[in-house]
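# Coordinates in review
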Amino acid sequence: MTWVWFLLNSEPMRASLALLVLGTTSACAHEKGLEQELSRLRREVHALRRSVEETRADVERVEQQVDVLQARTPAAPSSAPQAGRGPTPSAPSTPSLPVVRISPDGAALDVDAGAIDDGSPPILIKMGPDPSPRIPVNKSVLRRPDPVLDARSDATPKDQYEEALATLREENQPARALALFRAFERAHPDSSYADNAAYWAGEALMRMEDWTGASESFLRVLERYPRSSKRPYSLLRLGESLRARGNEDEARRRLQELVDDYPGTEPAEQARALLDGANERNL
């Protein structure tokens, strides 16, 4: 037993035993790694098989849908000629559209229903004046001044009011003056000339014999500008425009209001004369 113990505890024997243990351990570790790799490969193969089965099922489902659609689609007519009929003409490869052509002088017009549209303009467009126009055009309106746009941008409210007044009095253009007065009243409602603009708008309407518009304009002076110096004149012209409309009772009431509120003034004397004349006619 002594020699056995000596062999086991000798240096060479210890080294051999150590190598044997290491080899056994390495072999076990290597075998364990192989088993893990085999297990991973088995999982991947299983996943691939499942993916292939799912793809095969998708393909079968698509094929079934195609079969259903083909069954629902009507069959195309046969291209073979029928008995007693000529051959069926083949459809043109390029769509044919109606094409309108016009001669350079504009005298001839041609419509080709079976032509091929090549993208060219359908008509000839000429720029510039026509030496022989077929439709006479009245171009005088282009020379008329615009009542609002032609006003000077740097003009003061007083300048604009005086321009409108001159248009009515001196140029005798009641329609243009009316537009200027109304534009002035909208642009300058707080101006000291606003009541005058409203009054002269009524005067322009009187010249145009628009009795309804005139009475409304003079009534606006009375309601919107109660302290205006144009109030007695507005009452006078309101009575006249109402009488022209055939509203005699309202006209007499307004004229009497003028006589009572502004006695001794020129408008009141004119109103009295109108009332007296009406009374004489009624006798």
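As a starting point, this report considers the structure included with it. (Residues numbered from 1 in each chain as written. Predicted model: local features only at pLDDT ≥ 70, side-chain atom pairs only at ≥ 80, totals over all residues. Heavy atoms only, no water.)

## Brief notes about the packing of aromatic side chains
Enumeration over the complete set of coordinates arrives at 5 aromatic pairs. Centre to centre, the rings of tyrosine 161 and phenylalanine 184 are 6.1 Å apart; their planes meet at 55°, and the pair counts as tilted. Taken together, the positions of tyrosine 161 in helix α3 (residues 157-169) and phenylalanine 184 in helix α4 (residues 174-187) put the pair 23 residues apart, joining distant regions of the chain. An identical accessibility class is assigned to tyrosine 161 and phenylalanine 184; each is buried. Through a chain of ring-to-ring contacts, the aromatic side chains of Tyr161, Phe181, Phe184 and Tyr193 assemble into a single cluster. (Phe/Tyr/Trp six-rings, centres within 6.5 Å; stacked < 30°, edge-to-face > 60°. Helix = DSSP H or I, 4+ residues; strand = E, 2+ residues; numbered from the N terminus. Buried < 20%, exposed > 50% of the residue type's maximum accessible area, 1.4 Å probe, protein only.)

## Some remarks on the side chain of serine 234
With respect to the element layout, serine 234 can be found in helix α7 (residues 231-244). You can call serine 234 buried: its relative accessible area is 0%. At a separation of 2.8 Å, a polar atom in the side chain of serine 234 contacts the main-chain carbonyl oxygen of lysine 230. Look past the residues within four positions of serine 234 in its chain and what remains in contact with it is Tyr199, Phe218, Val221 and Leu222. (Polar contact = N/O pair within 3.5 Å; in protein donor to acceptor, adjacent residues only side chain to side chain. Contact = heavy atoms within 4.5 Å.)

## Concerning the packing of helix α6 (residues 211-224) against α7
Taken N-terminus to C-terminus, the directions of α6 and α7 make an angle of 155°; their axes are 9 Å apart at the nearest point. For the element pair α6 / α7, the angle class is roughly antiparallel. Our pair here, α6 against α7, has a crossing hand that is left-handed. The segment α6 lies against α7, with Trp211, Ala214, Ser215, Phe218, Leu219, Val221 and Leu222 engaging Arg231, Ser234, Leu235, Arg237, Leu238, Ser241, Leu242 and Ala244. For the contact of α6 with α7, the class distribution of residues is 10 nonpolar, 3 polar and 2 charged. (Axes fitted to C-alpha atoms, helices over the stretch in contact; angles between N-to-C directions. Parallel < 35°, antiparallel > 145°, perpendicular 65-115°, else oblique. Left-handed = near helix turned anticlockwise from the far one by under 90°. Nonpolar A, V, L, I, M, F, W, Y, C, P; charged D, E, K, R; others polar.)

## Section: the nonpolar core
Where a protein is soluble and globular, its nonpolar side chains tend to be buried together. Grouped together as the largest cluster of nonpolar side chains are 34 residues, with contacts concentrated most on Tyr161, Leu168, Phe181, Trp200, Phe218, Leu258 and Ala271. Among the elements that take part in this core, helix α5 (residues 194-207) stands out by supplying 9 residues, more than any other. (Core = buried A, V, L, I, M, F, W, Y, C linked by side-chain atoms within 4.5 Å.)

## Brief notes about α5
Spanning 14 residues, α5 covers 20 Å between terminal C-alpha atoms, matching the ideal 20 Å at 1.5 Å per step. The buried fraction of α5 amounts to 13 of the 14 residues, a majority that puts the element mostly inside the structure. Residue glutamate 209 follows α5 closely and has a positive phi angle near 60°. (Expected span 1.5 Å × (residues − 1).)

## Considering α7
In a regular helix each residue adds 1.5 Å, so 14 residues correspond to 20 Å; α7 covers 20 Å between its end C-alpha atoms and thus fits that length. The complete set of buried residues in α7 reads Arg231, Pro232, Ser234, Leu235, Leu236, Leu238, Gly239, Ser241 and Leu242. Backbone geometry just after α7 places glycine 246 at a positive phi near 95°.

## Quick look at the pattern of salt bridges
This structure, assessed with the given rule, holds 13 salt bridges. The shortest N-O distance in the salt bridge between arginine 40 and glutamate 37 comes to 2.3 Å. Of this pair, arginine 40 and glutamate 37 both sit in helix α2 (residues 11-72), 3 residues apart, which is roughly one turn of the helix. We classify glutamate 37 as partly exposed; its relative accessible area is 36%. Members of the salt-bridge network, linked through shared partners, are Arg231, Glu250, Arg253, Arg254 and Glu257. (Salt bridge = Lys/Arg side-chain N within 4 Å of Asp/Glu carboxyl O.)

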